[in-house]
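Architecture at a glance
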Amino acid sequence: MAEPGQEQLNHQTGTWTCDLALDGSADARLSLTATSEATLARAALNRPGTFTDLPSGKGLTSPRQEAVLHCTDGDVCFTAHWNTAYANALRKHTGGDVSKAADLRRATLQNFLNATAGSHSCPNVTLM
């Protein structure tokens, strides 16, 4: 699998992002975002048919590697997005197995939630 290369962190009130460029010539990139900006969380949730409820009313999740969690100070939207080169690297790593690639993407978001949700006073969740 590709090795981490350069990362760029940005933090402004209510929003934290990390953009990670993987080493190699493919220009594979992964972006992780956590935002408590109410407008952005509402916009995500307003996309029809995208989100499904998590157990115990803790929030909602999307197959697009997004989760909106109901946290102490309001909703927080977490996302994991990658460019086409990264998606291609995942497919290659899994031998073209779409299901395994989807599992890796879901695990990426789960790991991000595990590492960051507590710092936003969000509930612990397990994505399905």
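What comes next concerns the included structure. (Residues numbered from 1 in each chain as written. Predicted model: local features only at pLDDT ≥ 70, side-chain atom pairs only at ≥ 80, totals over all residues. Heavy atoms only, no water.)

1. Considering the overall build of the protein
- A tally of helices and strands in the protein yields three helices and seven strands.
- For the protein, the proportion of its 128 residues judged to be buried stands at 39%.
- Considering only contacts within the protein whose residues lie at least 6 apart along the sequence, 41% involve residues at least 24 apart.
- For the protein, the computed accessible surface area is about 7500 Å², with 50% contributed by carbon and sulfur atoms. (Helix = DSSP H or I, 4+ residues; strand = E, 2+ residues; numbered from the N terminus. Buried < 20%, exposed > 50% of the residue type's maximum accessible area, 1.4 Å probe, protein only. Contact = heavy atoms within 4.5 Å. Areas by Shrake-Rupley, 256 points an atom, 1.4 Å probe, with all protein chains shown as cover.)

2. Quick word on the packing of aromatic side chains
- All told, the structure shown has three aromatic pairs when counted by the stated rule.
- A ring pair is formed by Trp16 and Phe112, whose centres lie 5.7 Å apart and whose planes are at 25°; its orientation type is stacked. Of the two residues, Trp16 is situated in strand E2 (residues 15–22) and Phe112 in helix H3 (residues 98–116); the sequence distance between them amounts to 96 residues.
- For Trp16, a relative accessible area of 25% translates into the label partly exposed.
- Phe112 gets classed as buried once you look at its relative accessible area, which sits at 5%.
- In this structure an aromatic cluster arises from ring pairing among Trp16, Phe78 and Phe112. (Phe/Tyr/Trp six-rings, centres within 6.5 Å; stacked < 30°, edge-to-face > 60°.)

3. Thoughts on helix H2 (residues 84–93)
- By the burial criterion, the buried members of H2 are Ala85, Tyr86, Ala87 and Leu90.
- Packing partners of the buried residues in H2 comprise E2, strand E3 (29–35), strand E7 (74–82) and H3.
- At the C-terminal side of H2, Gly95 shows a positive phi close to 65°.

4. Quick look at the state of the cysteines
- Per the stated rule, a full pass over the model turns up one disulfide.
- With a sulfur-sulfur separation of 1.9 Å, Cys71 is cross-linked through a disulfide to Cys122. Here the S-S torsion is close to 95°, and the disulfide linking Cys71 with Cys122 is therefore right-handed. Remark: Cys122 occurs in the segment after H3 and Cys71 occurs in strand E6 (residues 66–71); sequence separation between them is 51 residues. We note that Cys71, like Cys122, is buried. (Disulfide = S-S within 2.5 Å.)

5. Examining the nonpolar core
- Membership of the largest hydrophobic core comes to 26 residues, with the highest contact counts inside it found for Leu69, Phe78, Tyr86, Leu109, Leu113 and Cys122.
- For this core, the elements supplying multiple residues, two or more each, are E2, E3, E6, E7, H2 and H3.
- If sequence neighbours within four positions are ignored, Leu109 has contacts with Gln65, Glu66, Ala67, Phe78, Thr79, Ala80 and Leu127.
- Counting residues in each nonpolar core, the second largest holds six residues, with Ala44, Leu60, Val68 and Cys77 among its members. (Core = buried A, V, L, I, M, F, W, Y, C linked by side-chain atoms within 4.5 Å.)

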